[in-house]
Amino acid sequence: MKTLNRRLTLAAPLSVALLTAGTGLAIGSTNGSATAGSMGDDTLTVSPSEELPPGMIDLKGGKVTMGSTPKAIEELMTNASNQKMIRVLDGETPEHSSRVGSFAIGKYEVTNEQYLEYVKATGKRPPENWAGKALDEARAAFGKAEAEKAMADKSYDRQKWDEAKKDAWWRSNWQEVDWAIPEGQEAMPVCYIDFDDAVGYARWAGLRLPTEEEWVFAARSDKKSVFPWGDDWNGEKRAHTSETGSEKPRPVGSFPDGASPFGVQDMAGSVWEWTADPYNPFKDFKPNTYKFKKSSGKEKVTPEPNFNSSFRIIKGGSPQVPMLAARIATRQGAKRTQTTNAVGMRVASSVTPGVDRARAIWETDVQPSQARTQGEVFDFDGVVALDRWSADTPDKRADGYSVIKGYDHILFAPRNEFETTPGGELNRESRKQPVVLGIFATTVPILEPALAPGTYFVAYREKGRMMVSGAEEMPAEGDEKKKEGDDEGEGEDETPEAGDEIPLELLTPAERLLRQIDLKKDLLIFTTVDTGEYVTSMEFPQIKTDVKATKADDGEIIFSKKAAFDENKEKIQEDWMKFKANIRRSSSRVIPIEFDMKVDGAALGTKWRTERISPTGK
């Protein structure tokens, strides 16, 4: 079986043919898509991974130059304003090269109307500048209260309404007041969002924040240019920095001449942009001493950059700072909780469908879960997934601009690896406690096994009674067979009297699980990620724990049709997906995982994106 691997390049258009009587999918169709599932008009359409998320630009990756040399920093110390930034600028050293893999990045910064969709869908806090009237009233009330306190007590130290107090008031009161995007600012960069807000939007949209290296590569490619368009400033027509003489926000894409070599807009000025990386020194950083002229004469300075791993790097500058801050190399650290009118965001995406969502699920749901009792970690590079976006393109917006309305996914992330436990022992150990094989997550219902949208641990249990410590285990299929010479009743399980069983709600999740499953079958078991509660199970062949790895072991999804009969005994064709993934035991050995799921092709709709799809399904 051939698999379409990562970064698929098609030599010719595919053509579609549905197998009406067989069990597999013959790939086909025009425009490089594959159709599987329902017959007629109700089809599942799966596109190669080259289909990008809305509003993104595809970058193949490559070499990137990071940072600046001490000499370059010293040459910038030509005036007092620049000299005040020496601590920040020194944090750019040393200059060095790195490599980034393929990824996609937003052509524009995230705007107010894009962020509004996230707020409406999740109920999260909107940016405070969407409630100017409420904040004005709160400031007036605060001032009045402070004046009254000062009148009553002459020694009272009257407080000022500053950014910190405004932010605190908004976080506590935003649900009690009216808010809306200021008229005419729908396509302007969203601001007043902290780091967690930015991460939250990106995850909701099935995306992520760019790393610093990705951001720099998107801005300059493999060159060493100072600004996205080159080394010369002339930025008044290329970037919205303080040189424009106005801090008033502009719609995204207002400076097309300032685009990067890839066509990415507004990477200089506009708003500072959150990245995913902590504000740590570059590798091989060491203190530097700079010499520059001041009005009082020459001066030597050995600055100490304010590195802080709890801060996050912001890039790009804003209308509040000059072109010096808008240089590609500039890296500024910001508190994760900081919200200002100068900080916004841009999104990025990994090339493999589902990977960004799988990592987000790990960080927000799985890693902190008390149900993760075995300390499992998962192989995000081995994710097999379908995903898709819904988006609109409003009128009178910049070219390539889209507003994401929602994101759907169906994914399986296999466990990272097992210790080199002999296969038979791994199967036997699963009788004591089912062995987690991966995470399954979906935003759409699955018909068989019956799973509502959500995230689940997928675990395996070999058939048989639970082994009792220090005693021989009881075989599941031997229960009906008595050894020769046994007296009547000997060897049978004790059956508790009516009313003797402990109520399910008083048992641990593991104990409840053993009450709820068929111990005489090898099972794939689905439990909730948050509590570990049993949801459903499906019969599953005993796992093979020591299979030689091959080049085709990246995993895949196979679409097929299976003949069945409806309630009227009429023959029908059902839509099924087979997930195939592998758990690495070593560089040469894997545990292959395969399971089938029945889906409603008509309900799922069309245009799902995947990277790994079988052309034949055979």
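What counts and what doesn't
- Residues numbered from 1 in each chain as written.
- Predicted model: local features only at pLDDT ≥ 70, side-chain atom pairs only at ≥ 80, totals over all residues.
- Heavy atoms only, no water.
- Helix = DSSP H or I, 4+ residues; strand = E, 2+ residues; numbered from the N terminus.
- Buried < 20%, exposed > 50% of the residue type's maximum accessible area, 1.4 Å probe, protein only.
- Areas by Shrake-Rupley, 256 points an atom, 1.4 Å probe, with all protein chains shown as cover.
- Contact = heavy atoms within 4.5 Å.
- Polar contact = N/O pair within 3.5 Å; in protein donor to acceptor, adjacent residues only side chain to side chain.
- Axes fitted to C-alpha atoms, helices over the stretch in contact; angles between N-to-C directions.
- Parallel < 35°, antiparallel > 145°, perpendicular 65-115°, else oblique.
- Nonpolar A, V, L, I, M, F, W, Y, C, P; charged D, E, K, R; others polar.
- Pairing = 2+ DSSP bridges.
- Patch = residues over 30% accessible without salt bridge, like charges linked within 9 Å, V, L, I, M, F, W, Y side chains within 5 Å.
- Salt bridge = Lys/Arg side-chain N within 4 Å of Asp/Glu carboxyl O.
- Lys, Arg positive; Asp, Glu negative; His and termini not counted.
- Charge placed at Lys NZ, Arg CZ, Asp CG, Glu CD.
- Core = buried A, V, L, I, M, F, W, Y, C linked by side-chain atoms within 4.5 Å.

Caption draft 1: Representation of the overall build of the protein chain within the structure. Within the protein chain, the secondary structure is distributed over 12 helices and 26 strands. A burial count over the protein chain gives 49% of its 618 residues as buried. Of the roughly 30300 Å² of accessible surface on the protein chain, a fraction of 48% belongs to carbon and sulfur atoms.

Caption draft 2: Summary view of helix H7 (residues 195–204). The element H7 is extensively covered by neighbouring structure, given that eight of its 10 residues are classed as buried. Listed as buried for H7 are Phe195, Asp197, Ala198, Val199, Gly200, Tyr201, Ala202 and Trp204. Packing partners of the buried residues in H7 comprise helix H4 (112–122), strand S9 (272–279), strand S12 (308–315) and strand S17 (403–414). For H7, the capping residue at the N-terminal end is Asp194, with a side-chain oxygen 3.1 Å from the backbone nitrogen of Asp196.

Caption draft 3: Local environment of the packing of H4 against H7. Following both chains from N to C, one finds H4 and H7 inclined at 85°, their axes separated by 10 Å at the closest point. As judged from the angle between their axes, H4 and H7 are roughly perpendicular. Contact residues: H4 offers Gln114, Tyr115, Glu117, Tyr118, Ala121 and Thr122, while H7 offers Asp197, Gly200, Tyr201 and Trp204. A per-class count over the contact of H4 with H7 returns five nonpolar, three polar and two charged.

Caption draft 4: Summary view of helix H8 (residues 212–220). Along H8, eight of the nine residues are buried, which leaves the element largely enclosed by surrounding structure. When we look at burial in H8, the residues that qualify are Glu212, Glu214, Trp215, Val216, Phe217, Ala218, Ala219 and Arg220.

Caption draft 5: Local environment of the sheet that holds strand S23 (residues 556–565). Spatially, four strands are ordered S22-S25-S24-S23 in an open sheet, and the strand pairing comes out antiparallel. A strand with exactly one partner marks an edge of an open sheet, and here the two such strands are strand S22 (547–548) and S23. Sheet topology places S22 next to strand S25 (residues 589–599); two bridges connect them, and they run antiparallel. Paired with Val547 across the bridge in S25 is Val590.

Caption draft 6: Expanded view of the pairing of strand S21 (residues 534–539). Bridging between strand S20 (residues 523–528) and S21 involves five bridges; their strand directions are antiparallel. Opposite Ile525, over in S21, you have Ser537 as the bridge partner. From the end of S20 to the start of S21, which pair antiparallel, there are five residues, and Gly532 there has a positive phi angle of about 80°.

Caption draft 7: Quick peek at a positive patch on the surface. On the surface, Lys291, Lys293, Lys298 and Lys300 cluster together into a positively charged patch. For the positive patch, the secondary-structure elements that each account for two or more residues are strand S10 (290–294) and strand S11 (297–301). For Lys291, a relative accessible area of 53% puts it in the exposed group.

Caption draft 8: Molecular detail of the nonpolar core. By size, the foremost hydrophobic cluster in this structure holds 42 residues, and its most contacted members are Tyr115, Tyr201, Trp274, Met345 and Val347. Contributing elements (two or more residues each) for this core: helix H3 (86–90), H4, H7, S9, S10 and S17. Setting aside chain neighbours within four positions, we find Tyr201 in contact with Val110, Gln114, Tyr115, Tyr118, Met345 and Val347. Judged by nonpolar contacts, the second largest core, of 32 residues, contains Phe412, Leu437, Ile446 and Phe595.

Caption draft 9: Structural detail: the side chain of Glu113. Looking at the secondary structure, you find Glu113 in helix H4. Looking at Glu113, its side chain comes within polar contact range of the side chain of Tyr401, at 2.7 Å. The contacts of Glu113, once residues within four sequence positions are left out, are Ile181, Glu186, Ala187, Pro394, Arg397, Tyr401 and Val403.

Caption draft 10: Structural context of the sheet that holds strand S15 (residues 348–350). Read from one edge to the other, the open sheet built from three strands follows the order S5-S8-S15, with strand pairing classed as antiparallel. A single partner strand is all that each edge strand has here, and the edge strands are strand S5 (56–59) and S15. Averaged over all adjacent pairs, the angle separating strand axes in this sheet is 25°, with direction ignored. Where S5 lies against strand S8 (residues 103–106), four bridges are found, and the strand directions are antiparallel. Counted as the bridge partner of Ile57 is Ile105 from S8. Packed on one face of the sheet, H8 meets S5, S8 and S15 and runs near 75° to S8.

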